[in-house]
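# Commentary on secondary and tertiary structure
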Amino acid sequence: MTARLADIAAQAGVSEATVSRVLNGKPGVAAATRESVLAALDVLGYERPVRLRQRSAGLVGLITPELENPIFPALAQVIGQALTRQGYTPVLATQTPGGSTEDELTEMLVDRGVAGIIFVSGLHADTSADMQRYDQLHRQGVPFVLVDGYSPKVRATFISPDDRAAMLLAVTHLASLGHTRIGLALGPKRFVPVLRKIEGFQRAMHEQLGVAPEKSEELIQHSLYTLEGGQAAAGALIERGCTAVVCASDMMALGAIRAARQQGLAVPRDISVVGFDDSTLIAFTDPPLTTIRKPVQSMGQAAVRALLEEIGGTPAPPSEFVFLPELVVRGSTASAHGAGARGGGS
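Residues numbered from 1 in each chain as written. Predicted model: local features only at pLDDT ≥ 70, side-chain atom pairs only at ≥ 80, totals over all residues. Heavy atoms only, no water.

Going by the annotation in an unreviewed UniProt entry, the name recorded for the protein chain is Repressor of malE transcription, with Streptomyces bingchenggensis given as the source organism.

Structure (structure tokens):
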């Protein structure tokens, strides 16, 4: 014990008597000194005495659809840090193909007595899903917040990026570079963010280029939110003569670049590509990706704030908080001078 006290005292830069006072919970020790001693315990690998361990304010569940798309770990990090700062312990639960469903993960978290749950891109975004599962949570008295998706059938706080504004940013940028045949590659049509992007895209194409909504139908290609999905969708759009492709995720955009190269086209000389999210490392791709930056920081913090207000008994009225994205121009978009040479298809 004496050896241990000496080690801790040396590490913390205080006397052994001070270490002893801290470990025994005695008064008369400055807060900063107490923290130094506790930090020394952690560094040296000693367990803190039970009475000195920080009490958690409770567990908060965070359910994401997957972690392969870098945008989900990015959101999880922001939400996790914001929860930890407030004394909560985040519990990350991820759906996996053929593994746990959102309902199973929700049940598991509720069984563990979580203080609340944040759902990211969950079934609340799927127009074909039964929304009664969220009513069930209300009946169980479990506070929750829904990120990226919206349903008027659910009484909750929703946190979303402005998908319509995002499409206006992308189309305006590409139109200013002389592109007139712009394609949109996105996920399955049943998802709310997809429907909103289509709406924004068609409106922007009409406002910027005079393309009627029915005419822009052939410029929209549904696929999966994966690299392969982006490759398939962009391949089809290039065949239809598009000189630029807006993608609904950065992963899809990387697939679009691959599709262009497979057809012997250079990005951005022959075809421009715009991503969506501005996820980690996207600035370092070849070429660096022009993308719509999702306001991850402000969305994650708002989700935590809304949840903690509900946990605290002062919930905001059911509403959707919409956050503006921004266009980040890099090297995957350029003037459409190569468009004429290609003659509308390849």
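## Some points on the packing of aromatic side chains
Any two aromatic rings considered together are summarised by their centre-to-centre distance and by the angle between their planes. Under the defined criterion, the tally for this structure stands at four aromatic pairs. On the numbers, 6.2 Å between centres and 85° between planes, the contact of Phe-119 with Phe-144 is edge-to-face. Highlighted residues: Phe-119 in strand 3 (residues 116–120) and Phe-144 in strand 4 (residues 144–147), separated in sequence by 25 residues. By the burial criterion, Phe-119 is buried, and Phe-144 matches it. Look at Tyr-150 and Phe-158: their rings are 4.8 Å apart centre to centre, the planes differ by 65°, and that puts the pair in the edge-to-face class. Classification of Tyr-150 as partly exposed rests on a relative accessible area of 29%. Residue Phe-158 is classed as buried on the basis of its relative accessible area, which comes to 1%. Sitting over the ring of Tyr-46, Arg-4 keeps its end group 5.2 Å from the ring centre. Above the face of the Phe-276 ring, Lys-197 is positioned so that its terminal group lies 4.2 Å from the ring centre. (Phe/Tyr/Trp six-rings, centres within 6.5 Å; stacked < 30°, edge-to-face > 60°. Helix = DSSP H or I, 4+ residues; strand = E, 2+ residues; numbered from the N terminus. Buried < 20%, exposed > 50% of the residue type's maximum accessible area, 1.4 Å probe, protein only. Lys NZ or Arg CZ within 6 Å of the ring centre and 35° of its normal.)

## Let's talk about the side chain of Ser-160
Checked against the element boundaries, Ser-160 lands in strand 5 (residues 157–161). Reaching out from Ser-160, the side chain makes a polar contact with the side chain of Glu-320 at a distance of 2.6 Å. (Polar contact = N/O pair within 3.5 Å; in protein donor to acceptor, adjacent residues only side chain to side chain.)

## Considering unusual backbone geometry
A cis geometry characterises the amide bond from Val-267 onward to Pro-268, with omega recorded as 10°. Structurally, Pro-268 is set in the loop between helix 10 (250–262) and strand 9 (272–277). Going from Asp-286 to Pro-287, the amide bond is cis rather than trans, its omega being -5°. Positionally, Pro-287 belongs in the loop between strand 9 and strand 10 (290–293). Of note, the phi angle at Asp-277 is positive, near 130°, even though the residue is not glycine. One can find Asp-277 in strand 9. Residue classification places Asp-277 among the buried positions, given a relative accessible area of 4%.

## Description of the packing of helix 4 (residues 71–85) against helix 11 (residues 296–311)
Axis separation between helix 4 and helix 11 bottoms out at 9 Å; the angle between their running directions is 45°. On the basis of the axis angle, helix 4 is oblique to helix 11. Regarding helix 4 and helix 11, the two cross each other, and that crossing is right-handed. Residues Ile-71, Ala-74, Leu-75, Val-78, Ile-79, Ala-82, Leu-83 and Arg-85 of helix 4 form the contact with helix 11, whose own contacting residues are Val-296, Gln-297, Gly-300, Gln-301, Val-304 and Leu-308. The class makeup of the residues in the contact of helix 4 with helix 11 is ten nonpolar, three polar and one charged. (Axes fitted to C-alpha atoms, helices over the stretch in contact; angles between N-to-C directions. Parallel < 35°, antiparallel > 145°, perpendicular 65-115°, else oblique. Left-handed = near helix turned anticlockwise from the far one by under 90°. Contact = heavy atoms within 4.5 Å. Nonpolar A, V, L, I, M, F, W, Y, C, P; charged D, E, K, R; others polar.)

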